[in-house]
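# Structural overview
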Amino acid sequence: MVKICCIGAGYVGGPTMAVIALKCPSVEVAVVDISVPRINAWNSDQLPIYEPGLDDVVKQCRGKNLFFSTDVEKHVREADIVFVSVNTPTKTRGLGAGKAADLTYWESAARMIADVSVSDKIVVEKSTVPVKTAEAIEKILTHNSKGIKFQILSNPEFLAEGTAIEDLFMPDRVLIGGRETPEGFAAVKALKDVYAQWVPEERILTTNLWSAELSKLAANAFLAQRISSVNAMSALCEATGANVSEVSYAVGKDSRIGPKFLNSSVGFGGSCFQKDILNLVYICECNGLPEVAEYWKQVIKINDYQKTRFVNRIVSSMFNTVSNKKIAVLGFAFKKDTGDTRETPAIDVCKGLLGDKARLSIYDPQVTEEQIQRDLTMNKFDWDHPLHLQPMSPTTVKQVSVVWDAYEATKDAHGICILTEWDEFKKLDFEKIFENMQKPAFVFDGRNVVDAEKLRKIGFIVYSIGKPLDQWLKDMPALA
Ligand SMILES: NC(=O)c1ccc[n+]([C@@H]2O[C@H](COP(=O)([O-])OP(=O)(O)OC[C@H]3O[C@@H](n4cnc5c(N)ncnc54)[C@H](O)[C@@H]3O)[C@@H](O)[C@H]2O)c1
Ligand SMILES: O=c1ccn([C@@H]2O[C@H](COP(=O)(O)OP(=O)(O)O[C@H]3O[C@H](CO)[C@@H](O)[C@H](O)[C@H]3O)[C@@H](O)[C@H]2O)c(=O)[nH]1
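An account of the accompanying structure is given in this report. Only a predicted model underlies this, so the values are computations on that prediction, with no experimental measurement involved.

The rules behind the values
Within each chain, residues carry numbers counting from 1 in the order of the written sequence. Key to labels: chains lettered from A, ligands numbered from 1, both in the order written. It should be noted that, the model being predicted, local features are given only for residues of pLDDT at least 70 and side-chain atom pairs only at 80 or more, the latter also being counted only at that level, while totals for whole chains, interfaces and linings use all residues. The basis for every side-chain value is the complete set of heavy atoms in the structure, and neither hydrogens nor water enter the calculation. Note on definitions. A residue lies near a molecule or strand when any single heavy atom of the residue is within 4 Å of it. Counted as a polar contact is a pair of N or O atoms within 3.5 Å, where, for protein atoms, one must be capable of donating a hydrogen and the other of accepting one, and residues adjacent in sequence contribute only when both atoms are in side chains. The accessible surface values rely on the Shrake-Rupley method and a 1.4 Å probe; as for residues, cover is taken only from the protein chains in view. Secondary structure is summarised from DSSP: a helix means a run of H or I of at least four residues, a strand means a run of E of at least two, and numbering begins at the N terminus for each. The nonpolar class holds Ala, Val, Leu, Ile, Met, Phe, Trp, Tyr, Cys and Pro. Asp, Glu, Lys and Arg form the charged class, and all remaining residues, Gly among them, are polar. Working definition: with a 1.4 Å probe on protein chains only, accessible area under 20% of the residue-type maximum means buried, over 50% means exposed, and in between means partly exposed. Here a salt bridge means any side-chain nitrogen of Lys or Arg lying within 4 Å of a carboxyl oxygen belonging to Asp or Glu. Centres within 6.5 Å make a pair out of two Phe, Tyr or Trp rings, where for Trp the six-membered ring is used; the pair is then stacked when the planes are under 30 degrees apart, edge-to-face when over 60, and tilted otherwise. Any Lys NZ or Arg CZ found within 6 Å of a ring centre and within 35 degrees of that ring's normal is scored as a charge over the ring. Note on pairing: DSSP must find at least two bridges between two strands before they are called paired.

## Describing the site of ligand 2
Residues in close proximity to ligand 2 total 21 residues, the closest being Phe158, Leu159, Ser265, Cys272 and Arg447. Separating an oxygen atom of ligand 2 from a side-chain N or O atom of Lys335 is a distance of 2.8 Å. For ligand 2, whose free accessible area comes to 690 Å², the fraction covered by protein is 90%. The set of elements that each furnish at least two residues to the shell around ligand 2 consists of helix 9 (209-240) and helix 11 (273-286). No other element matches the four residues that helix 9 contributes to the shell around ligand 2. The class makeup of the residues in the shell around ligand 2 is 11 nonpolar, four polar and six charged.

See the structure below:
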């Protein structure tokens, strides 16, 4: 029986290994982590992450061929294939601070693998890493190996949160990069055989190591670039009276461009896009390519501009101040169908409004008060460390209350900001909400989820990203 061990029981390690266990009953899969609460949660009825369909997959395999454990060394020692899916945060100090990937967790995992191994192993990079990381990992492993042979593969993960199980069941592609040597080809084949149990052969791509590592950063950069492109257009739409949804639709009808990933928003969030582009920018700079670095940096700049622009719209529309006004924030997660708040645009929008002394009442169906308070007090990039190493802030933001109902959040509010596209926000009774709000009542829709015309008929002043502006908003300056 092939034994797989995955170091890192997070958003990637957990779902990916659960699906491998489900699809490969003859493989034994152990997912290990240094975080005791995380492993306890994986072994309980309340999994540590919310992902549609995940509970079901875990229930079918847990205790049979899927195990979650904190005994990292034992499972690594016994495994034939070791996936490493640990944090790769953005460095906050030293060389490359604010851009480069911090490989501390990766390096310590590699040293531990070398220490405890007593048989040859395939080590798989599942985390997103800078191109050429495999070379460094290889050096750590071979210098400490006591004669044991390691083959390093790059097998980046492309799942998106909220659709992780679907993406893992039917991936567009699985990418495996390895050394172009007989041993490298054999390792690639061994991993390919695992995926081939449910992924059609033509969707399993094999490349050299550097292409696989770089393809992951490139894919995220291309995806984020599409959003920044459409968001840049949204500002121009507002200035000209064009409608960004109509523009996106018309542009996406070109089969060379395609319709997906062209929704204008308050900005992209999530644990990957910003981090991976910063990483790409740093790699370009290190390789003497400042023009290429500048090009990708612009994707992040437009994303920051979009968030600032949104806050400025709110403040300027509400008589140039939100001081002591109650603003209802609907949605805090970085996208719908997840409780994940890493790099969510809601953090920057809320901080912007708090900077102007607003009172915030926040509702998200999947995010807890503790998480929101933590996000609003944490320093940039601190979120991307194992849970027990994250700073616990003793302070809370007093002007923020977190409620468990959209109607409660909007009661007596001056304005509503929609920051996540949860389906339930489309079905709210806006007549009832309008009655209970201060007047004039504003809606700032950062996800284009509400029917603006319907809301205007009720009496709201509505701002929808990239849509023709209300007369009210036209009269207000909204410079970013
Ligand atoms: N979240 C996503 O959707 C996604 C998708 C594709 C790729 N990635 C990449 O995958 C990697 C993991 O991301 P994630 O979202 O799963 O992160 P995560 O923070 O949810 O999980 C990482 C886990 O690794 C554990 N860990 C860290 N060091 C360890 C060690 N030495 N030994 C054992 N456990 C250790 C942490 O405790 C944590 O539970 C990152 O490189 C990320 O960029 C993420
Ligand atoms: O048209 C769009 C599509 C997305 N978004 C936003 O972009 C962010 C990222 O969304 P998405 O890509 O769906 O989620 P992630 O889970 O961050 O997945 C991305 O990042 C992962 C981590 O690397 C990759 O594996 C995935 O392929 C890649 O899609 C979210 O804030 C979305 O709201 C938009 O604003 N407009």
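## Digging into unusual backbone geometry
Following Lys439, the chain continues into Pro440 via a peptide bond in cis, with omega recorded as -5°. Relative to the elements of secondary structure, Pro440 occurs in the loop between helix 16 (430-435) and strand 13 (442-445). With a phi close to 90°, Lys132 is a non-glycine residue in the positive phi region. Along the chain, the position of Lys132 falls in the loop between strand 5 (121-125) and helix 6 (133-143). Although it is not a glycine, Glu343 adopts a positive phi angle of roughly 55°. In this structure Glu343 comes out as buried when scored by relative accessible area, which is 11%.

## What about the site of ligand 1?
Neighbouring residues of ligand 1: 26 residues in total, closest Asp33, Arg38, Thr88, Glu161 and Lys275. Val12 is positioned with one of its backbone polar atoms (N or O) 2.9 Å from an oxygen atom of ligand 1. Between an oxygen atom of ligand 1 and a side-chain N or O atom of Asp33, the distance comes to 2.6 Å. For ligand 1, the accessible surface in isolation is 830 Å², of which the surrounding protein chains cover 95%. When its residues are assigned to classes, the shell around ligand 1 shows nine nonpolar, 10 polar and seven charged.

## Some remarks on the pattern of salt bridges
This model, assessed by the stated rule, comprises 23 salt bridges. Across the salt bridge formed by Lys3 and Glu78, the nearest N and O atoms sit 3.7 Å from each other. With a gap of 75 residues between them, Lys3 in strand 1 (residues 2-7) and Glu78 in helix 4 (residues 72-78) connect regions that are remote in the sequence. We classify Lys3 as partly exposed; its relative accessible area is 26%. Three or more residues joined by partner-sharing salt bridges are found here, namely Lys99, Glu285, Glu294, Lys297 and Lys301.

## Observations concerning the packing of aromatic side chains
Across all of its chains, the model carries 14 aromatic pairs by this definition. Geometrically, the ring pair formed by Phe434 and Phe460 is edge-to-face, given 5.0 Å between the ring centres and 70° between the ring planes. With a gap of 26 residues between them, Phe434 in helix 16 and Phe460 in the loop between helix 17 (452-458) and strand 14 (461-464) connect regions that are remote in the sequence. Here Phe434 matches Phe460 in class, with each residue buried. Aromatic rings pair up to connect Phe310, Phe319, Phe442, Phe444, Tyr463 and Trp472 into one cluster. In this structure, Lys23 packs its charged tip against the face of Phe169, placed 4.3 Å from the ring centre. Cation over ring: Lys439 sits above Phe434, and NZ or CZ is 4.7 Å from the ring centre.

## Description of the pairing of strand 12 (residues 415-418)
Of the two faces of strand 12, the one carrying Gly415 and Cys417 and the one carrying Ile416 and Ile418 are both buried. Relative to strand 12, strand 9 (residues 326-330) runs parallel, the two being bridged by four bridges. When the sheet's bridge partners are listed, Ala328 is paired in strand 12 with Ile416. In terms of strand pairing, strand 12 meets strand 13 through four bridges, oriented parallel.

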